[in-house]
Amino acid sequence: MTQTTAPANGADQEGHAEMVAKLGRMAGQIADFFKPYPEAEAAAAVADHINQFWTGRMRATFLSAFAGRPEELPPLLRSALPRIRPARED
């Protein structure tokens, strides 16, 4: 699995934090869309959408940011998290 870590200098760290926040918001919007579905179907649909439409770098950044702190995600995203594919190593 490709790990994305926070950059070393301050400006890059701020950009990384903004990207993590943006991905968290985007994932939350996807989860909100699928919230009316039955829970198991919704979690699969959220993960499927992220796997299909997010780049490997976006998925890697999201997973590295939230895999260690899933409590920061809404319940539906926590359920979808294990189904989100990590970026492929090239």
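To be clear, the structure that these remarks concern was listed above.
Residues numbered from 1 in each chain as written. Predicted model: local features only at pLDDT ≥ 70, side-chain atom pairs only at ≥ 80, totals over all residues. Heavy atoms only, no water.

## Points about the overall build of the chain
Within the chain one finds 4 helices and 0 strands. For the chain, the N- to C-terminal ordering of α and β elements is α-α-α-α. Taking the intrachain contacts of the chain between residues at least 6 apart in sequence as the baseline, contacts between residues at least 24 apart amount to 64%. Element-wise, carbon and sulfur atoms account for 53% of the exposed surface of the chain, whose accessible area totals about 5,700 Å². (Helix = DSSP H or I, 4+ residues; strand = E, 2+ residues; numbered from the N terminus. Contact = heavy atoms within 4.5 Å. Areas by Shrake-Rupley, 256 points an atom, 1.4 Å probe, with all protein chains shown as cover.)

## Here we look at the pattern of salt bridges
Following the criterion strictly, the structure yields 2 salt bridges and no others. Where Arg69 meets Glu72, a salt bridge forms, and the shortest distance between an N and an O atom there is 2.7 Å. (Salt bridge = Lys/Arg side-chain N within 4 Å of Asp/Glu carboxyl O.)

## Describing the packing of helix α1 (residues 10-34) against helix α3 (residues 56-66)
Two numbers describe how α1 lies on α3: the axes approach to 10 Å, and their chain directions differ by 95 degrees. As summarised for this structure, α1 and α3 are arranged roughly perpendicular, according to the angle between their axes. Counted together, His16, Met19, Val20, Leu23, Gly24, Met26 and Ala27 of α1 and Met58, Thr61, Phe62, Ala65 and Phe66 of α3 form the full contact between these two elements. The residue makeup of the contact of α1 with α3, split by class, is 9 nonpolar, 3 polar and no charged. (Axes fitted to C-alpha atoms, helices over the stretch in contact; angles between N-to-C directions. Parallel < 35°, antiparallel > 145°, perpendicular 65-115°, else oblique. Nonpolar A, V, L, I, M, F, W, Y, C, P; charged D, E, K, R; others polar.)

## Regarding the packing of aromatic side chains
Pairs of aromatic rings are described using the distance from one ring centre to the other and the angle between the two planes. A complete count under the given rule lists 4 aromatic pairs for this structure. Both rings, one in Phe34 and one in Tyr37, keep their centres 5.3 Å apart while their planes meet at 65 degrees; by these two values the pair is edge-to-face. Judged by its relative accessible area of 13%, Phe34 is buried. An aromatic cluster of three or more residues is present, and its members are Phe33, Phe34 and Tyr37. Residue placement shows Arg69 over the ring face of Phe66; its charged tip is 5.0 Å from the ring centre. (Phe/Tyr/Trp six-rings, centres within 6.5 Å; stacked < 30°, edge-to-face > 60°. Buried < 20%, exposed > 50% of the residue type's maximum accessible area, 1.4 Å probe, protein only. Lys NZ or Arg CZ within 6 Å of the ring centre and 35° of its normal.)

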